[in-house]
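Okay, here's what each chain looks like letter by letter:
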Amino acid sequence: MEKLKQTIDFGKASIMVIGADRTYSESKTTRSTGSLGSTGSPGSTTIRRWEAVTVTLKQDEEGICSVSIANSGDEAFRLQRVCIEWTAGQFTPRLDSRDYIQLYHSRDFSKLSGVRPVHRPNDWSDPADASGMVTVLSKRQDGTALLIGALPPYGDCFADFPLLHDKPHRDGSFGFGIHLQSPRRLAPGQEEMLAHLVALEDADGAELLERYGELVRSRLSGMIRGLPRITGWNTWDYYAGAVRQSDITDNAAAARTQFGDALRYFVVDEGYECQWGVWESGWKFPDGLDGLCANIRENGYEPGIWTAPLMVNVYTPLYRQHPDWFVGDGQGNPYLTQMGYGTMAQLDITRPGAAAHIRDVYTRLRANGFTYFKCDFTQMLLGASSFATGDLSHAGMLRKLFLTIREAIGDDAYLLACGAPYEAAAGIADAHRTTGDIHNYWSHIRQNIRSMFARWWMQGTLGNTDPDFAIVRCGDTTDDTLLNRRQKLQPWKAGGNWGTGREMNLEEAKTLLLACLVTGGDLVLGDALDKLNAEGTALLRRILDVPVSRGQPLNLFRPDGDDLPIVVADSGGCKLIALFNLSDDYLAQSVPETVFPRSGTGVEIWSGREEALPSGGVVPLAPRSAKAWLVQPGAQ
């Protein structure tokens, strides 16, 4: 892998600048290298000049490469992206795609993340889809790995890392690239810093992610508040859009009895509003948002609220009266999205009137009494292509949006970026959603756990992680006969399909809860608390009582890492060892002796009782299940 990293010489990369109406390629470039060092080495500067555009790659003494672009022409240049590439032929020996696996990190939670083959699609991802923000290439034979990632401060772009196969069938050699996506206007004489990039190597991919996380944390120092994980309850998973004011007051009263101060926030999700874009209480909330906040506080909790800050239903006065406040498509028409909640337009944050409206909305919601803000669906902006001004890319617009919201709600409010691309909200939001929507089906749990563990390094790095809701309702944990609204029954399918297969059972529920716990991220409950029985309440109380730091999956890049993850976290000075079987087969987990003592005792996570650890480090696991113990340091 040393040779692989050495090949990533920015001075030898192929660089192409793609604009809306012209492309600058290597065949038309003038190359030069600065005097700080040899091309591509720490302290070096590499420059590519065309007649009107200049790209500069400058590496500092730590090897971090800063990429900037300047318009030296007399006319505005409409940039699309800058491509930095190393083709398959630049590697000696060539990289065989069958020899490598890749950490695919999606730009936001709307796609799964995890480790996948380089040469072929699997049931949840296609290698044609470029990883965003960071990627890791790991050699199957010995586990040596290479990481390439973007670092703060994030410029007005998104970094993608495509694989460049030498043949369309992908079953041959490959290279890779860095594509800096920044569709925006550059005025004559304007220069912009696009990205800061790093390449790291190690004998293990998980260690690379740890090192990458340390770099991100150090460069965000002072911007991230470093808050402990938060706890709370949210209306969405059980009530969805059918939620009423009485549902929240009933659950707040139940939570006070069941969990006391173990919960902090009570969050009203979709369903309270008049319409999307009109973030005021509708007919199901007769006391208004002020009254809702007051009632939540009477039960000893902080009020939270869900919004989709850019989304506006086209059948609202807001859309009718301000047609120029909304983004468009490539033809200048309104960019509309068909959703289950109606046809939606999106506010254009580059319009002063729209930006002022957004600020007023969140100022009012804060005045209502809310201190937790869940901001959703902002990633939908990525599909739009026409804005009032072309001076910002999608990344810059989303960053401006979150800065506007933060200014309105204040620094002391808790802000969850639910769906925003991670670079856009880093340093502004307190928490970032890492998974798709959870629901009480294994089809959701399996896919969410994959993304949770692939993003383990994000906890405490960009802020807190939000693995969506910790839910427990099933036939063994609640007396409720209506676990869900009536839904279509359909067979289970791999690939993250909504509500396929049956509703979860008790072991699957415990597997989800344990996965949420070991992330170290936020724990937000989502069941009807007043309908849970004693067992359901006890399971939730247990995960709320166990202190956990960020857990690390030890075998993420190993052959058994996808089906049989091993996750270790610190828990109040003890080691929390969690073993998962996410497959549909009875399998035995073999745990390294460095992790799992060959003899001794541990506290079983659910019962709280001390018991003998399985001998020999081999633990049989039923399908779709997990086991965990708290082990004292030095236990033998």
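Calculation criteria
- Residues numbered from 1 in each chain as written.
- Predicted model: local features only at pLDDT ≥ 70, side-chain atom pairs only at ≥ 80, totals over all residues.
- Heavy atoms only, no water.
- Helix = DSSP H or I, 4+ residues; strand = E, 2+ residues; numbered from the N terminus.
- Rg over C-alpha atoms; globule rule 2.2 N^0.38 Å.
- Buried < 20%, exposed > 50% of the residue type's maximum accessible area, 1.4 Å probe, protein only.
- Salt bridge = Lys/Arg side-chain N within 4 Å of Asp/Glu carboxyl O.
- Axes fitted to C-alpha atoms, helices over the stretch in contact; angles between N-to-C directions.
- Parallel < 35°, antiparallel > 145°, perpendicular 65-115°, else oblique.
- Left-handed = near helix turned anticlockwise from the far one by under 90°.
- Contact = heavy atoms within 4.5 Å.
- Nonpolar A, V, L, I, M, F, W, Y, C, P; charged D, E, K, R; others polar.
- Expected span 1.5 Å × (residues − 1).
- Arc of directions from axis to C-beta.
- Pairing = 2+ DSSP bridges.
- Phe/Tyr/Trp six-rings, centres within 6.5 Å; stacked < 30°, edge-to-face > 60°.
- Disulfide = S-S within 2.5 Å.
- Core = buried A, V, L, I, M, F, W, Y, C linked by side-chain atoms within 4.5 Å.

## Overview of the overall build of the protein chain
- Across its full length, the protein chain holds 12 helices and 38 strands.
- For 636 residues, the compact-globule estimate of 2.2 N^0.38 gives 26 Å, and the C-alpha radius of gyration of the protein chain, at 25 Å, lies within 12% of that figure.
- Referenced to the eigenvectors of the C-alpha coordinate spread, the extents of the protein chain come out at roughly 70 × 70 × 45 Å.
- The burial tally for the protein chain puts 61% of its 636 residues in the buried class.

## Some words on the pattern of salt bridges
- All told, the structure shown has 35 salt bridges when counted by the stated rule.
- Its salt-bridge partner being Asp-166, residue Lys-167 comes within 3.9 Å of it at the nearest N-O pair.
- The closest approach of N and O atoms between Arg-185 and Asp-391, which form a salt bridge, is 3.4 Å. Of the two residues, Arg-185 is situated in strand β15 (residues 174-186) and Asp-391 in the loop between β25 (372-376) and α8 (394-409); the sequence distance between them amounts to 206 residues.
- In this structure Asp-391 comes out as partly exposed when scored by relative accessible area, which is 33%.
- One connected set of salt bridges, linked through shared partners, spans Arg-446, Arg-450, Asp-562 and Asp-563.

## Points about the packing of helix α11 (residues 506-519) against helix α12 (residues 534-545)
- As a packed pair, α11 and α12 sit with axes 10 Å apart at the nearest point and diverge in direction by 20°. Classed by the angle they form, the pair α11 and α12 counts as roughly parallel. Relative to α12, the crossing made by α11 is right-handed. Residues Leu-506, Lys-510, Leu-513 and Leu-517 of α11 form the contact with α12, whose own contacting residues are Glu-535, Leu-539, Leu-540 and Ile-543.
- Taken together, the residues of the contact of α11 with α12 sort by class into 6 nonpolar, no polar and 2 charged.

## With respect to α12
- Taking 1.5 Å as the rise per residue, α12 with 12 residues should run 16 Å; its terminal C-alpha atoms sit 16 Å apart, in good agreement.
- Every buried residue of α12 is listed here: Gly-536, Thr-537, Leu-539, Leu-540, Ile-543 and Leu-544. Viewed end-on, α12 has its buried residues packed into an arc of 160°, placing them on one side of the element.
- Buried positions along α12 lie against β17 (231-234), α4 (245-258), β29 (469-470), α11 and β30 (523-525).

## Digging into the sheet that holds β29
- Taking strand neighbours across the sheet as the criterion, the 9 strands line up as β28-β27-β26-β25-β21-β18-β17-β30-β29 in an open arrangement whose pairing is parallel. Each edge of the open sheet is held by one strand with a lone partner, namely β28 (464-466) and β29.
- Two elements, β25 and strand β26 (residues 414-418), share 5 bridges in a ladder whose sense is parallel. Counted as the bridge partner of Tyr-372 is Tyr-414 from β26.
- Each of β21 (302-307) and β25 is contacted by helix α7 (residues 352-368), which is oriented at about 145° to β25, the strand it contacts most.
- Strand contacts of α12: β17, β29 and β30, with the helix running at about 160° to β30, the strand carrying the most contacts.

## Some remarks on the packing of aromatic side chains
- Counted under the stated rule, the structure contains 24 aromatic pairs.
- When the centroid spacing of 4.5 Å and the interplanar angle of 20° are considered together, the rings of Trp-276 and Tyr-341 count as stacked. One end of the pair, Trp-276, is in the loop between β19 (273-275) and β20 (278-281); the other, Tyr-341, is in the loop between β23 (337-339) and β24 (342-346), with 65 residues separating them in the sequence.
- For Tyr-341, a relative accessible area of 33% corresponds to the partly exposed category.

## Let's talk about the sheet that holds β23
- Across the sheet, 3 strands lie side by side as β22-β24-β23; this open sheet has antiparallel pairing. Looking along the sheet, the strands with just one partner apiece sit at the ends: β22 (311-313) and β23. Strand-to-strand, the axes of this sheet are offset by a mean angle of 45°, without reference to chain direction.
- Sheet analysis places β23 next to β24, joined by 3 bridges and oriented antiparallel.

## Description of the pairing of strand β4 (residues 45-49)
- Here β4 lies mainly inside the structure; 4 of its 5 residues are buried.
- With 5 bridges joining them, β4 and strand β5 (residues 53-59) adopt antiparallel strand pairing. Residue Thr-46 lies in a different strand from β5, and its bridge partner there is Leu-57.
- Connecting β4 to the next strand, β5, in antiparallel fashion are 3 residues.

## A look at the state of the cysteines
- Counted according to the given criterion, the structure contains 0 disulfides.
- Cys-375 supplies the cysteine sulfur nearest to Cys-418, a cysteine that is in no disulfide, at a spacing of 9.1 Å.

## Describing the environment of Ser-599
- The residue Ser-599 is located in the loop between β34 (587-590) and β35 (601-604) in this model.
- In the structure, Ser-599 is positioned 327 residues away from Tyr-272 in sequence and 54 Å away in space, judged by C-alpha atoms.

## Focus: the nonpolar core
- One finds Ile-84 and Phe-176 to be the most contacted residues of the largest nonpolar core, which totals 192 residues.
- The element contributing the most residues to this core is α11, with 9 residues.
- Of all hydrophobic cores here, the second largest spans 12 residues; its members include Val-595, Phe-596, Leu-613 and Val-631.

## A few points about α4
- A rise of 1.5 Å per residue sets the reference length of α4, with its 14 residues, at 20 Å; its end C-alpha atoms lie 20 Å apart and thus fit the reference within 8%.
- Within α4, the full set of buried residues consists of Gln-245, Asp-247, Ile-248, Thr-249, Asn-251, Ala-252, Ala-254, Ala-255 and Gln-258.
- Turning to α4, the residues buried within the fold contact β17, α3 (236-239), β18 (265-268), α5 (288-298) and α12.
- Positive backbone phi, at 55°, marks Gly-260, one or two positions downstream of α4.

## Some remarks on the side chain of Gln-459
- Note that Gln-459 resides in the loop between α10 (442-454) and β28.
- Here Gln-459 falls in the buried class, since its relative accessible area comes to 7%.

## Some thoughts on unusual backbone geometry
- At the junction of Thr-92 and Pro-93, the peptide bond is cis and its omega measures out at -5° in the coordinates.
- Here Pro-93 shows up in the loop between β7 (77-86) and β8 (100-104).
- A cis amide bond links Pro-152 to the next residue, Pro-153, at an omega of -5°.
- Within the element layout of this structure, Pro-153 appears in the loop between β12 (145-151) and β13 (158-161).
- With a phi angle near 75°, Met-133 is a residue other than glycine that sits in the positive phi range.
- Overall, the relative accessible area of 1% leaves Met-133 in the buried class.
- Positioned with a positive phi, Phe-377 is a non-glycine residue whose angle comes to about 65°.
- In this fold, Phe-377 is placed in the loop between β25 and α8.

## Quick word on the side chain of Thr-54
- Positionally, Thr-54 belongs in strand β5.
- If we skip the residues at most four places from it in the chain, Thr-54 touches Ile-47, Arg-48, Arg-49, Ser-68, Ile-69, Ala-70 and Ser-72.

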